[in-house]
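Each chain, written out:
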Amino acid sequence: VSNHMLNMDPPDHTRLRSLVNKAFTASMVDQLEPRVQQIADELIDKMSQRGQMDLIHDYAFPLPVIVIAEMLGVPTRDRGRFRNWSHAIVTPTPNAERTAQKLAKTRQLMEDFIAYLRKICATRRQKPGHDLLTSLLLAEEAGDRLSEDELFSMVLLLIVVGHETSVNLIGNGMLSLFKHPQQLALLRQDPLLLPLAVEEMLRYDCPVERAPMRFAAEDVRLGDQLIRRGDSVSLVLGSANRDEAIFATPDRFDIRRSPNKHLAFGLGVHYCLGAPLTRLEGRVAIGTLLRRLPNIQLAIPVERLRWGTNPIMRGVHRMPVKW
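Below: a short report on this structure. (Residues numbered from 1 in each chain as written. Predicted model: local features only at pLDDT ≥ 70, side-chain atom pairs only at ≥ 80, totals over all residues. Heavy atoms only, no water.)

## Structural notes on helix α3 (residues 33–47)
Count 3.6 residues to each turn of an α-helix, and residues three or four apart come out pointing the same way.
Now for step 1: For α3, spanning 15 residues, the distance from its first C-alpha to its last is 22 Å, which sits close to the expected 21 Å at 1.5 Å a residue.
Now for step 2: For α3, every residue scored as buried is listed here: Val-36, Ile-39, Ala-40, Leu-43, Ile-44 and Met-47. The buried residues of α3 occupy an angular sector of 125 degrees when projected down its axis, which confines them to one face. Exposed residues on α3 whose side chains face more than 90 degrees from its buried face are Pro-34 and Lys-46. (Helix = DSSP H or I, 4+ residues; strand = E, 2+ residues; numbered from the N terminus. Expected span 1.5 Å × (residues − 1). Buried < 20%, exposed > 50% of the residue type's maximum accessible area, 1.4 Å probe, protein only. Arc of directions from axis to C-beta.)

Written as structure tokens, this is what we have:
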């Protein structure tokens, strides 16, 4: 569960990243745009006559789940199970009293996940497909390849980064537009601003609020604070993205902001592998909503929205909208 790239330093990280890069290239993501657009249109077609929906449950969640499931070659009937597996890995234990119960539940979910992967991998070895899972099974670098444990960890990581971040980008991004009607009107008038708008959505209300816990490999002095070797460190991306030393008027939502050196996808060797996919899904999903449902708006007051309590991911549970 935890033995994946995000929790590794070079050279182990370098080896795994080089292997998965063979199967997760920028050109592969670029080729997905027509299909992502088709999925967005199909989802809206199902609801356009209703005049209302839950933006998270009916749109922001299914779109990236369908995309990553199709990339991996997961059958349609199993997509809902991926949501449970993903939540199990990113949701921390809320308090000490529930630790044993939470660990037992997480262990059972992960055992189900591993059993499922063993079955689908055995099928792919016998009958390779044109999908990411097959590519991972065949990926090689200097005679090396993924072990079974590494493969399972990699697939779980791709499931998480392949949809959790996109769900929150679509939800948080649309919420930022709803809360800033002048910026919403500006984007409707000039759809060419959409790429810049997505970058500002990533900065302003970051889908991943914190990086996973890190530990200092050596003594480091940061300002007047000494971080000792072995100390745990929580990197708060949401705070970095509001740094007044980097951003002019950091608390202002400005879809024309440029340059925009946000850290929504991290930095350095651990820069998010799924960044191109998340950006693509954000552009297509939000652009399609504004084009197909031009008068879409929140159906409840902002104050009634319930935010998730996960300290890593930032997003709302539900977002009723109408048009």
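Further notes follow.
## Focus: the side chain of Asn-310
Now for step 1: Relative to the assigned elements, Asn-310 resides in the loop between β6 (297–298) and β7 (320–322).
Now for step 2: Within polar-contact distance, the side chain of Asn-310 engages the backbone nitrogen of Ile-312 at 2.8 Å.
Now for step 3: Among the polar contacts made by the side chain of Asn-310, one reaches the main-chain amide nitrogen of Met-313 at a distance of 3.4 Å. (Polar contact = N/O pair within 3.5 Å; in protein donor to acceptor, adjacent residues only side chain to side chain.)

## Considering the packing of helix α11 (residues 194–204) against helix α13 (residues 275–292)
Between two packed helices, both the angle of their axes relative to each other and the distance between the axes serve to describe the pair.
Now for step 1: Closest axis-to-axis distance for the α11/α13 pair is 10 Å, and the angle between their directions is 110 degrees. On the basis of the axis angle, α11 is roughly perpendicular to α13. The element α11 and its partner α13 pack so that their crossing is right-handed. Contacts between α11 and α13 pair Leu-194, Pro-195, Val-198, Glu-199, Met-201 and Leu-202 from the former with Arg-279, Gly-282, Arg-283, Ile-286 and Gly-287 from the latter.
Now for step 2: Taken together, the residues of the contact of α11 with α13 break down into six nonpolar, two polar and three charged. (Axes fitted to C-alpha atoms, helices over the stretch in contact; angles between N-to-C directions. Parallel < 35°, antiparallel > 145°, perpendicular 65-115°, else oblique. Left-handed = near helix turned anticlockwise from the far one by under 90°. Contact = heavy atoms within 4.5 Å. Nonpolar A, V, L, I, M, F, W, Y, C, P; charged D, E, K, R; others polar.)

## Details of the sheet that holds β7
Now for step 1: Here three strands make up an open sheet; going across it, the order is β1-β7-β6 and the pairing antiparallel. Looking at the sheet topology across the chains shown, the edges are occupied by β1 (52–54) and β6.
Now for step 2: With two bridges joining them, β6 and β7 adopt antiparallel strand pairing. Within β7, the position partnered with Gln-297 by the bridge is Lys-322. (Pairing = 2+ DSSP bridges.)

## Topic: unusual backbone geometry
Now for step 1: The omega torsion across Pro-10 and Pro-11 is 5 degrees, close enough to zero to call that bond cis.
Now for step 2: For Pro-11, the position within the fold is in the segment before α1 (12–21).
Now for step 3: The phi torsion at Thr-249 lies on the positive side, around 45 degrees, for a residue other than glycine.
Now for step 4: Its location among the elements puts Thr-249 in the loop between α12 (237–240) and α13.

## Some remarks on the state of the cysteines
Now for step 1: Per the counting criterion, the structure on display carries zero disulfides.
Now for step 2: You can see Cys-206 has no disulfide; the closest cysteine sulfur is in Cys-272, sitting 11 Å from it. (Disulfide = S-S within 2.5 Å.)

## Points about the environment of Leu-237
Now for step 1: Relative to the helices and strands, Leu-237 is located in helix α12.
Now for step 2: We classify Leu-237 as buried; its relative accessible area is 11%.
Now for step 3: In this structure Leu-237 touches Cys-206, Val-208, Glu-209, Arg-210, Ala-211, Leu-263 and Ala-264, once residues within four positions along its chain are discounted.

## Considerations on the packing of aromatic side chains
Now for step 1: If you walk through the whole model with that rule in mind, you get two aromatic pairs.
Now for step 2: Judged by centre distance (6.1 Å) and plane angle (65 degrees), the ring pair of Phe-265 and Tyr-271 falls under edge-to-face.
Now for step 3: We classify Phe-265 as buried; its relative accessible area is 7%.
Now for step 4: The exposure class of Tyr-271 is partly exposed, given its relative accessible area of 29%. (Phe/Tyr/Trp six-rings, centres within 6.5 Å; stacked < 30°, edge-to-face > 60°.)

## A word on the packing of α3 against α13
Now for step 1: Taken N-terminus to C-terminus, the directions of α3 and α13 make an angle of 40 degrees; their axes are 10 Å apart at the nearest point. Classified by the angle their axes make, α3 and α13 are oblique. The two elements α3 and α13 cross, and the hand of that crossing is right-handed. Residue-level contacts link Glu-33, Val-36, Gln-37, Ala-40, Asp-41, Ile-44 and Asp-45 of α3 to Leu-280, Glu-281, Val-284, Thr-288, Leu-289, Arg-291 and Arg-292 of α13.
Now for step 2: Counted by class, the contact of α3 with α13 contains six nonpolar, two polar and six charged residues.

## Re helix α7 (residues 99–126)
Now for step 1: For α7, with 28 residues, the first-to-last C-alpha span of 40 Å sits near the 40 Å given by 1.5 Å per residue.
Now for step 2: All buried positions along α7 are accounted for by Lys-102, Thr-106, Leu-109, Met-110, Phe-113, Tyr-116, Leu-117, Ile-120, Cys-121 and Arg-124.

All we've got here are geometric facts, nothing functional implied.
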